[in-house]
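Listed here are the chains, written in short residue letters.
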Amino acid sequence: MRYSQYLLPTLKEVPADAEVISHQLMLRAGMIRKVAAGIYNYMPLGLRSIRKMEQIIREEMNRAGAVECLMPMANPAELWQESGRWEKYGKELLRFKDRKDADFCMGPTHEEVVTDIVRNTVRSYRQLPLNLYQIQTKFRDEIRPRFGLMRGREFIMKDAYSFDLDDAGADISYQKMYQAYRNIFQRCGLRFRAVEADSGAIGGSFSHEFMVLAESGEDAIVSCDSCEYAANVEKAEVLWTEQEAVAPEQELQLVETPQQKTIQEVAAFLDLPAARLVKTLILQTSAEEVVAVLLRGDRELNTIKLANLLDVDWVLPAEEEVVRHVTGAPIGFAGPIGLDARLIADNEVRTMSGYVVGGNAVDRHYVGVCHPRDLVIDQFADLRRAEQGDPCPRCKNGRFESWRGIEVGHVFKLGTKYSETMAATVLDDQGQSRSLVMGCYGIGVGRTVAAAIEQNHDEHGLKLPLPLAPFQVLVVMLNPKDAQVRQASEDIYAQLLEAGVEVLLDDRDERPGIKFKDADLVGIPLRITVGARGLQDGTVELKIRTSGEQSALPLAEIVPALC
Ligand code: ATP
Ligand code: MG
Ligand code: MG
Ligand code: MG
């Protein structure tokens with residue numbers, strides 16, 4: 001590919017509305033462009049990385065015996081009514097009508113459609129086990145799309161669904177997917193943990209989330225340093241509190257107060273040390289949320305600065321700094337205790353569960369604690385325990401480490417939830433009709449690429465690992481007007497192409513400074529620079545983006561060195 005004929009619109013400045021580094025860099029490196037909230041164009045360079053990710057997924061899914069298909073984005077309401085989710089799913093499900101006034105939705109996940117395929121085509125246990133997967137565009141009308149591809153409304157997901165005759169078979173299918181997921185994320189060069197997860201709205205009996213470790217992650221996770229136990233904090237707390245029942249949607253109780261509460265007053269109300277409250281609020285919510293709510297109007301202190309400020313090592317002055325901003329802020333704060341993070345915005349207060357909130361709505365000031373209040377207090381206590389690494393609840397002797405994670409994949413054992421409601425049965429070897437035992441398995445394709453960027457970048461730009469890099473080699477033709485430079489660059493380019501290397505030739509008529517800046521920003525793993533000075537000695541320069549290592553190699557040796 002020739003840069004001069006490619007579409008690679010790099011940006012010098014950090015776009016104002018991009019908070020996390022992957023979002024900033026994907027915009028700056030010309031990988032994505034926004035169309036609407038949570039809806040993006042995949043530009044040529046971004047699409048290459050997306051396709052690489054898809055290919056890794058495809059290879060590992062095929063290796064695990066899964067079979068690829070493709071289901072529609074537009075789903076008829078009937079299927080969703082049959083499963084009961086047409087009513088239950090809420091506003092994330094984007095519903096619409098066709099010209100005949102029939103109800104449809106954009107598929108946010110495909111249990112209904114795949115169950116319909118299988119009940120119409122699979123009759124006998126001999127056709128099992130079966131695992132159908134697709135790599136397809138999903139639509140979820142997320143309440144707050146953000147962080148670029150990380151939480152989009154339209155996004156690419158790999159979703160797979162396994163069908164077995166019995167529970168034991170379903171467990172084997174689950175294990176196969178679990179292993180395939182490990183392989184996939186390992187091949188991407190990611191640092192990740194597979195953690196026990198709550199199966200949430202999809203419902204089911206067994207579930208793991210694959211979490212890429214990154215400070216910008218929305219999930220809090222803990223792992224034991226002695227046994228294999230790792231969980232998201234939500235699940236770990238359930239274990240700690242011995243399955244204490246959590247009512248899903250509790251009304252928020254607001255206590256009206258004459259003026260905005262200070263963090264100390266809220267802390268006193270909750271019976272907690274103020275520093276702990278601040279820390280928990282920050283830990284439990286993303287920095288972006290804290291900034292958006294706590295510091296609305298203060299454009300000086302952005303997410304990154306706040307994160308840095310707090311990441312130092314939680315020294316008291318940093319906490320005091322936050323307290324100062326909190327108390328001086330025109331609006332209060334919302335701290336999620338598990339579950340999804342939502343906000344109180346302006347004069348709107350939502351019904352939430354598991355939240356401590358405070359703030360001012362128009363001119364009414366309040367502080368509120370959701371019920372059950374004891375549970376909230378318990379969860380603070382649990383977090384405290386997790387941080388001090390109290391003994392692991394599983395092995396009783398290991399200590400906990402806490403991390404922030406980005407959920408890139410999720411495996412569920414669904415059981416017969418869908419097969420029973422939608423009558424998906426097969427005949428067993430006795431001729432008896434049995435409900436299929438299902439599992440479902442998702443990977444966010446774009447989110448994984450974004451998570452890889454969170455882990456692999458520096459102040460100059462991307463350092464994507466080779467398996468996800470859009471190109472393997474960049475050839476920088478330093479002065480295209482110099483005939484010798486042009487010829488040598490063209491030769492290297494042609495030979496690399498011939499050898500099957502994915503190569504981008506920077507043949508633009510631009511200054512070297514611009515070319516080097518773009519090269520670092522786009523971060524192609526290997527850079528060959530062809531310049532007049534080097535050619536005088538018969539050499540070109542090879543630079544490895546990740547390590548920054550540079551070396552001069554004889555012109556004749558460069559292609560063999562890379563192939
Ligand atoms: P989250 O907790 O982040 O909202 P989820 O649990 O709702 O995700 P799943 O239903 O488990 O998501 O979907 C499977 C995978 O799809 C997730 O693990 C994630 O990688 C990806 N995914 C989910 N929602 C989004 C989104 N809005 N944008 C990009 N990827 C997403
Ligand atoms: Mg979700
Ligand atoms: Mg989730
Ligand atoms: Mg999930």
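Here, every reference points to the structure presented above.
I will try to describe carefully the structure that is included in this document. (Residues numbered from 1 in each chain as written. Chains lettered and ligands numbered in written order. Predicted model: local features only at pLDDT ≥ 70, side-chain atom pairs only at ≥ 80, totals over all residues. Heavy atoms only, no water.)

## Examining the sheet that holds strand 4 (residues 74-76)
Now for step 1: Read from one edge to the other, the open sheet built from three strands follows the order 4-6-5, with strand pairing classed as antiparallel. Where the open sheet ends on each side, the last strands, each with one partner, are strand 4 and strand 5 (95-97). On average, each strand axis in the sheet is tilted by 40 degrees relative to the strand beside it, whichever way the strands run.
Now for step 2: Across three bridges, the pairing between strand 4 and strand 6 (residues 103-106) is antiparallel. Looking at the pairing, Pro76 lines up with Phe104 of strand 6. (Pairing = 2+ DSSP bridges. Helix = DSSP H or I, 4+ residues; strand = E, 2+ residues; numbered from the N terminus. Axes fitted to C-alpha atoms, helices over the stretch in contact; angles between N-to-C directions.)

## Re the side chain of Gln24
Now for step 1: Relative to the assigned elements, Gln24 resides in helix 1 (residues 21-28).
Now for step 2: A polar atom in the side chain of Gln24 sits 3.4 Å from the backbone oxygen of Glu19.
Now for step 3: Aside from chain neighbours lying at most four places away, what touches Gln24 is Val14, Pro15, Ala18 and Glu19. (Polar contact = N/O pair within 3.5 Å; in protein donor to acceptor, adjacent residues only side chain to side chain. Contact = heavy atoms within 4.5 Å.)

## Quick notes on the sheet that holds strand 24 (residues 503-506)
Now for step 1: Across the sheet, five strands lie side by side as 24-23-25-26-27; this open sheet has mixed pairing. On the outer flanks of this sheet lie strand 24 and strand 27 (550-554), each paired with one strand and no other. The mean inter-strand angle of the sheet, taken between neighbouring strand axes irrespective of direction, is 25 degrees.
Now for step 2: Both strand 26 (residues 539-544) and strand 27 contribute to a ladder of five bridges, which runs antiparallel. Each residue of the ladder has a partner; that of Thr539, found in strand 27, is Pro554.
Now for step 3: This element, helix 19 (residues 555-562), spans strand 23 (473-477), strand 25 (526-530), strand 26 and strand 27 of the sheet and lies at about 115 degrees to strand 27.

## Overview of the nonpolar core
Now for step 1: Core analysis: the largest hydrophobic core is formed by 63 residues, its most contacted members being Phe185 and Phe210.
Now for step 2: Considering every element that reaches this core, the biggest residue donor is helix 6 (residues 167-187), with seven residues.
Now for step 3: Sequence-distant contacts of Phe185, that is, excluding residues within four places in its chain, are made with Leu190, Phe192, Phe210, Val408, Gly409, Ile443 and Thr448.
Now for step 4: Judged by nonpolar contacts, the second largest core, of 25 residues, contains Met71, Val118, Tyr161 and Met438. (Core = buried A, V, L, I, M, F, W, Y, C linked by side-chain atoms within 4.5 Å. Buried < 20%, exposed > 50% of the residue type's maximum accessible area, 1.4 Å probe, protein only.)

## Quick word on the packing of aromatic side chains
Now for step 1: According to the stated counting rule, one finds 11 aromatic pairs in the structure shown.
Now for step 2: An angle of 55 degrees between the planes, with centres 5.3 Å apart, marks the rings of Tyr181 and Phe210 as tilted. Residue Tyr181 is located in helix 6, and its partner Phe210 is located in strand 10 (residues 206-213); the two are separated by 29 residues in the primary sequence.
Now for step 3: Judged by its relative accessible area of 0%, Phe210 is buried.
Now for step 4: Three or more aromatic residues joined by ring pairs form one cluster here, namely Tyr178, Tyr181, Phe185, Phe192 and Phe210.
Now for step 5: Positioned over the ring face of Tyr418 is Lys417, at 5.5 Å from the centre of the ring. (Phe/Tyr/Trp six-rings, centres within 6.5 Å; stacked < 30°, edge-to-face > 60°. Lys NZ or Arg CZ within 6 Å of the ring centre and 35° of its normal.)

## Comments concerning the site of ligand 1
Now for step 1: The immediate surroundings of ligand 1 are formed by 14 residues, with Glu142, Arg151, Gly152, Glu407 and Arg447 found nearest.
Now for step 2: One of the side-chain N or O atoms of Glu142 is found 2.8 Å from a nitrogen atom in ligand 1.
Now for step 3: At a separation of 2.8 Å, a nitrogen atom of ligand 1 approaches a polar backbone atom of Gly152.
Now for step 4: At the level of secondary structure, the elements contributing two or more residues to the shell around ligand 1 comprise strand 8 (154-164) and strand 17 (400-415).
Now for step 5: Top element by residues in the shell around ligand 1 is strand 17. It accounts for four residues. (Near = heavy atom within 4 Å.)

## Some details on unusual backbone geometry
Now for step 1: A cis amide bond links Leu128 to the next residue, Pro129, at an omega of -5 degrees.
Now for step 2: Structurally, Pro129 is set in the loop between helix 5 (111-121) and strand 7 (130-139).
Now for step 3: One non-glycine residue, Asp101, lies in the positive phi region at around 75 degrees.
Now for step 4: Judged by its relative accessible area of 53%, Asp101 is exposed.

## Regarding the packing of helix 16 (residues 483-498) against helix 19
Now for step 1: Viewed as axis vectors pointing N to C, helix 16 and helix 19 meet at an angle of 25 degrees, and their least axial separation amounts to 10 Å. With respect to helix 19, the axis of helix 16 lies roughly parallel. For the pair helix 16 and helix 19, the sense of crossing is right-handed. Each of Ala488, Ile492, Gln495 and Leu496 in helix 16 lies in contact with helix 19, whose residues at this interface are Leu555, Ile558, Val559 and Leu562.
Now for step 2: For the contact of helix 16 with helix 19, a count of residues per class yields seven nonpolar, one polar and no charged. (Parallel < 35°, antiparallel > 145°, perpendicular 65-115°, else oblique. Left-handed = near helix turned anticlockwise from the far one by under 90°. Nonpolar A, V, L, I, M, F, W, Y, C, P; charged D, E, K, R; others polar.)

## Thoughts on the pattern of salt bridges
A side chain of one charge can pair with a side chain of the opposite charge when the charged atoms of the two come close.
Now for step 1: Within the structure shown, the criterion is met by 33 salt bridges.
Now for step 2: Here Lys52 and Glu502 are joined by a salt bridge, their closest N and O atoms 2.8 Å apart. Placement of the pair is Lys52 in helix 2 (residues 44-63) and Glu502 in the loop between helix 16 and strand 24, with a sequence separation of 450 residues.
Now for step 3: Across the pair Arg187 and Glu60 runs a salt bridge whose closest N-O atoms are separated by 2.9 Å. Of the two residues, Arg187 is situated in helix 6 and Glu60 in helix 2; the sequence distance between them amounts to 127 residues.
Now for step 4: Classification of Arg187 as partly exposed rests on a relative accessible area of 32%.
Now for step 5: Residue class for Glu60 comes out buried when judged on its relative accessible area of 4%. (Salt bridge = Lys/Arg side-chain N within 4 Å of Asp/Glu carboxyl O.)

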